[in-house]
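Coordinates in review
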Amino acid sequence: MADKVRIAVIGTGFARTVQIPAFLSHPEIEITAIASGSPGKAASVAREFGIPFATDDWRRAIDRKDVDLVCITTPPDLHHRMAIFAAECGKHILCEKPMAMNTEEAEQMALTAEKAGVIALIDHELRFQPGRQRAFSLIREYAIGKILHFRYLFQAPHRGDPNLKWNWWSDINRGGGALGAIGSHIIDAICWIADSIPSAVTGQLHTHVQARPTDSNEKLPVTSDDEALLFFAFRSGDFVSDATALASISMVAGPEYLNRFEIFGTEGSIRLEHRGELFIAKRGDADWQRLEAPLAPAIEGAPDTGFSRGFMAFVPEIVRAIKNGSQPPEFAATFDDGIRVQRVLDATRSSNAEHRSIEI
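In short, a report on the structure. Predicted model, so just to flag it, every value in this text is computed and none were measured.

Another aspect to go through is the layout of surface pockets. By volume, the largest pocket amounts to about 1,400 Å³. Taken together, 46 residues make up the lining of the largest pocket; nearest its centre are G13, F14, T73, W168 and W169. Its residues placed into classes, the lining of the largest pocket shows 21 nonpolar, 16 polar and nine charged. The volume enclosed by the second largest pocket comes to roughly 240 Å³. Around the second largest pocket, the lining is made up of 15 residues, and of these A110, E114, V118, A120 and D336 lie nearest the centre. Those elements giving two or more residues to the lining of the second largest pocket turn out to be α5 (103-116), β6 (120-122) and α9 (335-354).

Turning next to the nonpolar core. By size, the foremost hydrophobic cluster in this structure holds 52 residues, and its most contacted members are F150, I193, F232, F261, I263 and I270. Sorting elements by how many residues they give to this core places helix α7 (residues 178-194) first, with twelve residues. Core analysis: the second largest hydrophobic core is formed by 34 residues, V5, I20, L121 and A332 among them.

When you line up the elements, A302 lands in the loop between β16 (289-290) and α8 (307-324). With a relative accessible area of 12%, A302 lands in the buried category. For the pair A302 and T17, spaced 285 residues apart in sequence, the C-alpha separation works out to 5.9 Å. Apart from the residues within four sequence positions on either side, A302 is in contact with T17, V18 and S308.

A word on unusual backbone geometry. The linkage connecting K97 with the following residue, P98, adopts the cis geometry, with an omega of -10°. Tracing the chain through its elements places P98 in the loop between β5 (92-95) and α5. Residue G254 is joined to P255 through a cis peptide bond whose omega torsion reads 10°. Phi is positive for N217, close to 70°, though the residue is something other than glycine. Relative to the helices and strands, N217 is located in the loop between β9 (211-213) and β10 (219-221).

Rules of the game
- Counting of residues starts from 1 at the beginning of each chain's written sequence and follows it residue by residue.
- The predicted nature of this model means local features are confined to residues of pLDDT at least 70 and side-chain atom pairs, given and counted, to a pLDDT of 80 or more, with totals for whole chains, interfaces and linings taken over all residues.
- Note that the side-chain values use all heavy atoms of the structure and ignore hydrogens as well as water.
- Whether a set of points on the 1 Å grid over the protein atoms alone is a cavity depends on a 1.4 Å probe fitting there but being unable to get out, while an open set qualifies as a pocket with protein on both sides within 12 Å along at least five of seven lines; lining residues are those with an atom within 4 Å of a point.
- Grid points are joined across faces, edges and corners, and a volume is the space filled by probe spheres set on the points.
- For this classification, the nonpolar set comprises Ala, Val, Leu, Ile, Met, Phe, Trp, Tyr, Cys and Pro, the charged set comprises Asp, Glu, Lys and Arg, and every other residue, Gly included, is treated as polar.
- Strands are runs of DSSP state E lasting at least 2 residues, helices are runs of H or I lasting at least 4, and numbering of each runs from the N terminus.
- Working definition of a nonpolar core: buried Ala, Val, Leu, Ile, Met, Phe, Trp, Tyr and Cys residues. They are joined through side-chain atoms within 4.5 Å.
- Three exposure classes are used, based on accessible area relative to the maximum for each residue type with a 1.4 Å probe and protein chains only: buried under 20%, partly exposed in between, and exposed over 50%.
- We call two residues contacting when some pair of their heavy atoms lies within 4.5 Å.

Listed below in structure tokens is the structure:
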């Protein structure tokens, strides 16, 4: 292959603020194409970052000889068709979460990528924070015994502003909402750390801001959730003992941003904060002790919510994987992991609709 990993980026939101700067910080990456569904946006971002090819037609960006990896950072309703097209073109894939609109789509994406023999990854970049990777190792060393309970608290108050404009995030038919955007990260984090999947889920979804203005100040109804409450049960396994998990996700609660992951075991507890700060408390301790774990580098100008740091740590592993063969990076979430998360998302939506616990 070429000396550099050549990337086509599809999308100009999170891609512009985090992914493109992170990719370009690596000396062995070249962004050769960019596409956007918003007219003129791809050309604008291309000028900003010196990307040689820009288009409003994502197929033209993918189907180029100078592309090794396609980075799909679009609303979730587009992931299925884009990932299948990329795989059929023989391109490696990095797809944003949630992977798809439903499990059937996710399974089709994974099957197509497998048949094509390409690396197919989901962007669960928080796995690459050094603090989370050290926690992963501590769990496997039984540093806190077997896990009894997970507690995850996520809050980001900005969607509590009723003047925030209506966009795809407000539309359930495009994959918008807190459950898909944040719940997918939380489900992946718990399953990854635990090396287990939930046996049952109970979920409740809620919409606090029920209408938002358009650019013309017309009010449109919000059909997606801005709050999600999830309760999971786990069967016992190598690292969990009849465990439970509780996740609270709010895109309207304030005042500060929180992304806190707590793991409670038979012999102690682990806590992770949003940038990857790691704490431990052994059974009987009166307080938390901070453990050594470097913070991945931040991206200048990007909100320091932890995701940009995780992506900066993820990028070198993507390069190594593509340049060294067809195996996904260690610790990376694959399309198979995406299917696992999608099943839990689907079950959570069924639980909310049917007002009952759903077995998985």
